[in-house]
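# Secondary and tertiary structure notes
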Amino acid sequence: MYKLETIISLAKRRGFIFQSSEIYGGLNGCWDFGPLGVEMLRNLKEEWWRAMTYRDDIEGVDASILMHPRTWEASGHVSQFSDPMIDNKTSKARYRADNLIEEHIERLRKKNKTIQADELENKLNDVVELTDYFNLIIEYEIPDPVSGTKDWTEVRNFNLMFKTFVGPVEDNGSVVYLRPESAQGIFVNFNNVLTTSRQKIPFGIAQIGKAFRNEINTKNFLFRTREFEQMEMQYFVKPGNEKDWYEYWKEQRWNWYLGLGMNPEKMKFKVHEKLAHYANMAVDIEYLFPFGWGEIEGIHSRTDFDLRNHQEFSGKKMEYVDTVNNERYIPYVIETSGGVTRSLMAFLCDAYNEEDAPTESGAMEKRTVLKLHKRIAPLTVAVFPLVNKDGMPELAENIYKELHKKFKAQYDTSGAVGRRYRRQDEIGTPFCVTVDGQSLEDNTVTIRERDTMLQDRVNISQLESYINERIGQ
Ligand code: ATP
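Being a predicted model, the structure only gives us computed values, none of them experimental. (Residues numbered from 1 in each chain as written. Predicted model: local features only at pLDDT ≥ 70, side-chain atom pairs only at ≥ 80, totals over all residues. Heavy atoms only, no water.)

## Here we look at the pairing of strand S12 (residues 281-289)
What counts is decided by this rule: A simple rule labels every residue: compare its accessible area, found with a 1.4 Å probe on the protein chains alone, to the largest value its type can have, and call it buried under 20%, exposed over 50%, or partly exposed in between. Numbering of helices and strands runs from the N terminus, with a helix taken as a DSSP run of H or I at least four residues long and a strand as a DSSP run of E at least two residues long. Pairing between strands is defined by DSSP: at least two bridges between them are needed.
Counting buried residues in S12 gives eight out of nine residues, a clear majority hidden from the surface. By the bridge criterion, nine bridges tie S12 to strand S13 (residues 292-303) in an arrangement that is antiparallel. Residue pairing for S13: Tyr287 is matched across the bridge by Gly294. Counting the residues that bridge the hairpin from S12 to S13 gives two residues.

What follows is the structure in structure tokens.
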């Protein structure tokens, strides 16, 4: 298992991900995608969009980030979307009380104090009130990880929604929120999509978009940020059929990660013991990050909670009319809710490898390679002249220009060819095309595959189809 710092440092050095507004010292919990990161991000979204909407029963939307504030009253976010917050008086550090306890449980486990850990975990699962968190922290004498002291404030609720104002007057009547999830943009459009698309139940609505949460502690790189991107789908079903569809979507979503090359040994399902206010079944797909297991996507059976509340708050009917069976009902919903940015990080961690590889001279050296699935890798192909003379650069540049019309490609002439391969390995480019002396005679080039490092000799006219076949387009 590689350290998270190693992956963060590669991501920065090679232009995947930068700290937001770095020249001003950065803004906590916000990250920017650089030239390579943005390609990978777009590829990931494209994969999701194709898997989820290129089918008969799912439509896409792109709703605005700012929504009518009543939306968030109806969804329960105004009253319920908060985390328990606690401060340490000495260090002034601020924590999520539940995370503080969870981390203490981890520490107990590491010290083999299993009975105590299990006992605390059970008590944490039974927490009802804010004071229950506080009492556990005191009872188990949980210290501040920074100062080591135990002088805690009481536990307070902290709403995670970012507030802002529409128009020039900053008063209560003009408050709006930056959406904390994209799902509500789907629910409020339920009728619009139903009538315009003429879908029949069961059907789904999918959306990719930004979400914002004023997280108490941002940490672990892209894992917990204040601005992030989600890929969410709400699948509307007849009440009573939700169990089958829940199982169906669990499998579909698991397979999506597998299909993009994620290592199944680092994935697991985690069933929610404690259900959110809207759910009757819920499971997370977790990934084993360098810092431990973490959710990458949730599959939730949300009953008719959202549509029923929107019906009540808006006064607009949110029913489905089944003309064949002469029934009307508010549909139940199975939601698949994944983080684009969080899963991008999971894919990066999963792809990172350091291994021994032979150099041109046959000696072994360490190579860093991102074994990203060919369709999510930022670049698809790099083109090199073997040496910068004898007409090789001209031919290589022409090949590059042609390939660039179809694939994200890069042209590189600097340094020994071995070094150029290593540079591409490090950013996960699946193919490297090299123009050599023979190319000028018979119009063939070598094409090297990243993971096996094996080279094929291919006619230049065949390059496009060679690559297409292997990336499965
Ligand atoms: P957590 O318990 O980790 O705060 P959650 O259960 O609140 O997450 P959901 O509301 O189910 O998360 O959000 C769905 C998905 O959105 C998550 O699986 C994750 O991939 C992503 N996500 C949620 N919060 C963040 C965040 N702060 N930063 C990055 N991605 C996030």
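Having put the structure on the table, let's press on.
## Focus on helix H6 (residues 114-125)
Condition: Multiplying 1.5 Å by the helix residue count minus one yields the expected span of that helix. This arc describes the spread of directions from the helix axis toward the C-beta atoms. It only takes one pair of heavy atoms within 4.5 Å for two residues to be counted as in contact.
For H6, built from twelve residues, the straight-helix expectation of 16 Å at 1.5 Å per residue is met to within 8% by its first-to-last C-alpha distance of 16 Å. Here H6 has its buried residues at Ala117, Leu120 and Leu124. Mapping the buried residues of H6 onto a view down its axis gives an arc of 70°, with all of them on the same face. Its buried side turned inward, H6 meets helix H5 (97-110) and helix H7 (130-139).

## Some thoughts on the nonpolar core
Under the convention used in this document: Side-chain atoms within 4.5 Å link the members of a nonpolar core, which is a set of buried Ala, Val, Leu, Ile, Met, Phe, Trp, Tyr and Cys residues.
Counting residues in hydrophobic clusters, the biggest one holds 54 residues, and the most contacted among them are Phe16, Tyr257 and Phe347. For this core, the leading source of residues is helix H12 (residues 340-351), giving eight residues.

## Let's talk about the domain arrangement of the chain
Using the following cut-off: For each domain, the first and last residues come from an automatic or database assignment. Accessible area that two parts lose when put together, evaluated with a 1.4 Å probe and summed over both, is termed the buried area. For this analysis, a salt bridge means a side-chain nitrogen from Lys or Arg found within 4 Å of a carboxyl oxygen belonging to Asp or Glu. For the purposes of these results, a polar contact is taken to be a pair of N or O atoms within 3.5 Å, where, inside protein, one atom must be able to donate a hydrogen and its partner to accept one; residues adjacent in sequence count only when each atom of the pair is a side-chain atom. Ten residues, namely Ala, Val, Leu, Ile, Met, Phe, Trp, Tyr, Cys and Pro, are considered nonpolar, four, namely Asp, Glu, Lys and Arg, are considered charged, and the remaining ones, Gly among them, are considered polar.
When cut into domains, the chain gives domain 1 (4-78 + 160-347), domain 2 (82-158) and domain 3 (379-471). Measuring from the centre of the C-alpha atoms in domain 1 to the corresponding centre in domain 3 gives 39 Å. Residue-level contacts link six residues of domain 1 with five residues of domain 3. Contact with domain 3 buries area across many residues of domain 1, yet Arg14, Leu36 and Glu39 alone supply 70% of it, more than any other trio. For the pair domain 1 and domain 3, the interface holds three salt bridges. Its salt-bridge partner being Glu39, residue Lys408 comes within 3.6 Å of it at the nearest N-O pair. Between domain 1 and domain 3 we count three residue pairs in polar contact (both at pLDDT 80 or more) in total. Every element with two or more residues in the side of domain 1 that touches domain 3 is listed here: helix H1 (4-13) and helix H2 (35-53). Of the residues belonging to the side of domain 1 that touches domain 3, the class tally is three nonpolar, no polar and three charged.

## Observations concerning the sheet that holds strand S19 (residues 381-385)
Threshold: In this description, a line fitted to the C-alpha atoms serves as the axis of each element, helices being fitted only across the stretch in contact, and the angle between N-to-C directions of two axes falls anywhere from 0 to 180 degrees.
Read across the open sheet, the five strands follow the order S20-S19-S21-S22-S23; overall the sheet is mixed. Looking at the sheet topology across the chains shown, the edges are occupied by strand S20 (409-411) and strand S23 (455-459). Each strand axis lies, on average, 25° off the axis of its neighbour in the sheet, ignoring direction. Along the sheet, helix H14 (residues 417-427) makes contact with S19, S20, strand S21 (431-435), strand S22 (444-449) and S23, crossing S19 at roughly 170°.

## With respect to the side chain of Glu319
Inspection of the secondary structure puts Glu319 in the loop between helix H11 (305-314) and strand S14 (320-322). In this structure the side chain of Glu319 is engaged in a polar contact, spanning 2.9 Å, whose partner is the side chain of Arg328.

## Points about the site of the ligand
Basically, it comes down to this: When we say a residue is near a molecule or strand, we mean one of its heavy atoms is within 4 Å of it.
Taken together, 17 residues lie around the ligand, and Arg213, Glu215, Arg224, Thr225 and Glu295 are the ones closest in. Between the ligand and Gln230 there is a distance of 3.2 Å, counted from an oxygen atom to a side-chain nitrogen or oxygen. Measuring from an oxygen atom of the ligand, one finds a backbone N or O atom of Gly339 at 2.9 Å. Those elements that place two or more of their residues in the shell around the ligand are strand S10 (227-237), S13 and strand S16 (332-339). The leading source of residues in the shell around the ligand is S13, at four residues. Here the shell around the ligand is built from residues that sort into four nonpolar, six polar and seven charged.

## Brief notes about the sheet that holds strand S4 (residues 82-87)
Spatially, the three strands line up as an open sheet ordered S5-S4-S6, and their pairing is antiparallel. Only two strands of the sheet have a single neighbouring strand rather than two, namely strand S5 (94-96) and strand S6 (156-159). Neighbour to neighbour, the strand axes of the sheet diverge by 45° on average, direction disregarded. Sheet topology note: the S4/S5 ladder contains three bridges and is antiparallel. By the bridge assignment for S5, Asp87 is matched with Arg94. In this fold H5 packs onto S4 and S5, with an angle of close to 80° to the strand it touches most, S5.

## Some words on unusual backbone geometry
Looking along the chain, the bond that leaves Ile201 and enters Pro202 is cis, with omega of 5°. Relative to the elements of secondary structure, Pro202 occurs in the loop between helix H9 (190-197) and strand S9 (203-212). Even without glycine at this site, Asn112 takes up a positive phi of about 60°. Within the secondary structure layout, Asn112 lies in the loop between H5 and H6. A relative accessible area of 65% places Asn112 in the exposed class. Residue Asp390 is not a glycine yet carries a positive backbone phi of 60°. Following the sequence through the fold, Asp390 ends up in the loop between S19 and helix H13 (392-404).

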